[in-house]
Amino acid sequence: NFFYGRNSKQLVKKKLTLPLCNDSSISFNQIELISRNKKIVKNKIVDLKNIKKLPKKIKEKVIQDLKKITSKRGFLGKKSHVIMGVINMTPDSFSDGGKFNKGINSLKHISKMIKDGASIIDIGGESTRPGSKTINQKTEWIRLKNVLKIFKKRYKKISLSIDTRKSDIMLKSIKYGADLINDVSGFNFDQEALTKIRKYKIAKVLHHMQGTPKTMQLNPKYGNVLLDIYDFFENNIKSKFKDKKVILDPGIGFGKTLKHNLTLISKISLFHSLGFPILVGTSRK
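What counts and what doesn't
Residues numbered from 1 in each chain as written. Predicted model: local features only at pLDDT ≥ 70, side-chain atom pairs only at ≥ 80, totals over all residues. Heavy atoms only, no water. Helix = DSSP H or I, 4+ residues; strand = E, 2+ residues; numbered from the N terminus. Expected span 1.5 Å × (residues − 1). Bend = angle between axes of the 7 residues up to and from the residue. Buried < 20%, exposed > 50% of the residue type's maximum accessible area, 1.4 Å probe, protein only. Contact = heavy atoms within 4.5 Å. Polar contact = N/O pair within 3.5 Å; in protein donor to acceptor, adjacent residues only side chain to side chain. Phe/Tyr/Trp six-rings, centres within 6.5 Å; stacked < 30°, edge-to-face > 60°. Patch = residues over 30% accessible without salt bridge, like charges linked within 9 Å, V, L, I, M, F, W, Y side chains within 5 Å. Areas by Shrake-Rupley, 256 points an atom, 1.4 Å probe, with all protein chains shown as cover. Salt bridge = Lys/Arg side-chain N within 4 Å of Asp/Glu carboxyl O. Lys, Arg positive; Asp, Glu negative; His and termini not counted. Charge placed at Lys NZ, Arg CZ, Asp CG, Glu CD. Axes fitted to C-alpha atoms, helices over the stretch in contact; angles between N-to-C directions. Parallel < 35°, antiparallel > 145°, perpendicular 65-115°, else oblique. Left-handed = near helix turned anticlockwise from the far one by under 90°. Nonpolar A, V, L, I, M, F, W, Y, C, P; charged D, E, K, R; others polar. Pairing = 2+ DSSP bridges.

A. Structural view of helix 4 (residues 137-154). Compared with an ideal rise of 1.5 Å per residue, which puts 18 residues at 26 Å, helix 4 spans 26 Å between its outermost C-alpha atoms and is within 8% of the ideal. Helix geometry: helix 4 is bent most strongly at Leu144, by close to 40°. Listed as buried for helix 4 are Glu140, Trp141, Leu144, Val147, Leu148 and Phe151. As for helix 4, its buried residues are in contact with helix 3 (103-115), strand 7 (118-124), strand 8 (159-163) and helix 5 (167-175). In this structure Asn136 caps helix 4, since a side-chain oxygen of it lies 3.2 Å from the backbone nitrogen of Lys138.

Here it is, written out as structure tokens:
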């Protein structure tokens with residue numbers, strides 16, 4: 001139950017609502033409690049004023065999660081949200097493959113996306129469309145290197161995101177000023193990736209994908225897509241990402257049916273209780 005703008009700010013001031021991500025221009029006065037026991041999922045709507053009436057263990061967990069939901073998202077700085085522009089330096093991506101993967105065209109397109117409001121530019125040299133095959137890192141780097149060498153010289157204030165699954169590409173990109181590593185495999189493709197980049201303390205996108213780009217759309221199945229991905233995020237944050245410089249991406253279109261995608265989009269506020277920024281890559285999916 002969200003409130004917006006001036007009305008929201010007044011309600012927060014009166015302590016009738018809580019601000020989402022420390023932004024008083026959007027706030028809420030109810031929470032949804034979701035529980036799962038094997039295949040049975042139950043949910044319950046609770047007003048903020050009634051949290052104190054909850055059983056002790058549940059109340060403690062809710063209070064802990066509310067601190068995360070209302071906390072500021074560090075990666076975004078002073079902004080509540082930013083736009084990521086995507087450019088594929090590939091001949092075979094489903095959205096813009098071959099359109100902007102050559103020299104001057106790529107730089108023109110990057111400049112246009114920044115002019116249109118993008119604060120992050122995500123650059124990839126390997127297509128991860130459904131059915132795509134893995135390419136070798138030499139080919140991937142050849143596609144990326146010329147743009148990366150120029151990017152930070154030309155766009156100093158724009159965050160540079162690198163879309164790759166390979167640790168060597170990550171390391172080379174960091175040397176050219178990359179601010180964010182966006183690995184669609186959730187850092188599972190290259191088992192050495194997190195170890196190799198750990199010392200740089202760079203921000204990372206924890207992306208969910210079922211299977212690989214080649215197999216992900218071959219009948220994807222979940223017990224409960226929302227809770228399965230929530231558990232994936234929570235378990236990986238605890239076991240892999242000690243520096244907590246994480247952005248969560250539920251992976252719209254990556255091993256999901258249309259129904260799965262719509263469920264994630266409509267219920268995406270659940271992931272705020274993990275306390276990290278959320279990246280939604282809907283593209284043209």
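B. Structural detail: the packing of aromatic side chains. Counted by the stated rule, this structure contains seven aromatic pairs. Residues Phe232 and Phe233 carry aromatic rings whose centres are separated by 5.8 Å and whose planes lie at 55° to one another, so their mutual orientation is tilted. Grouping residues by exposure puts Phe232 and Phe233 together as buried.

C. Up close: a positive patch on the surface. On the surface, a cluster of positive charge is contributed by Arg198, Lys238, Lys242 and Lys244. Judged by its relative accessible area of 57%, Lys238 is exposed.

D. A look at the packing of helix 7 (residues 225-240) against helix 8 (residues 258-266). One can describe the packing of helix 7 onto helix 8 by two numbers: an axis separation of 9 Å at closest approach and a directional angle of 65°. Taken together, helix 7 and helix 8 sit at an angle that is classed as roughly perpendicular. Between helix 7 and helix 8 the crossing geometry is right-handed. For the pair helix 7 and helix 8, the contacting residues are Val225, Leu226 and Ile229 in the first and His260, Thr263 and Leu264 in the second. Its residues placed into classes, the contact of helix 7 with helix 8 shows four nonpolar, two polar and no charged.

E. Representation of the sheet that holds strand 7 in the model. Read from one edge to the other, the open sheet built from six strands follows the order 6-7-8-9-10-11, with strand pairing classed as parallel. Of all the strands in the sheet, the pair left with one neighbour each is strand 6 (83-88) and strand 11 (246-249). Going from strand to strand, the sheet's axes swing by 25° on average, the running direction of each strand aside. Here strand 9 (residues 180-183) pairs with strand 10 (residues 203-207) via four bridges, running parallel. Bridge assignment links Asn182 to a residue of strand 10, and that residue is Val205. Seen against the sheet, helix 7 touches strand 10 and strand 11 and runs at an angle of roughly 145° to strand 10.

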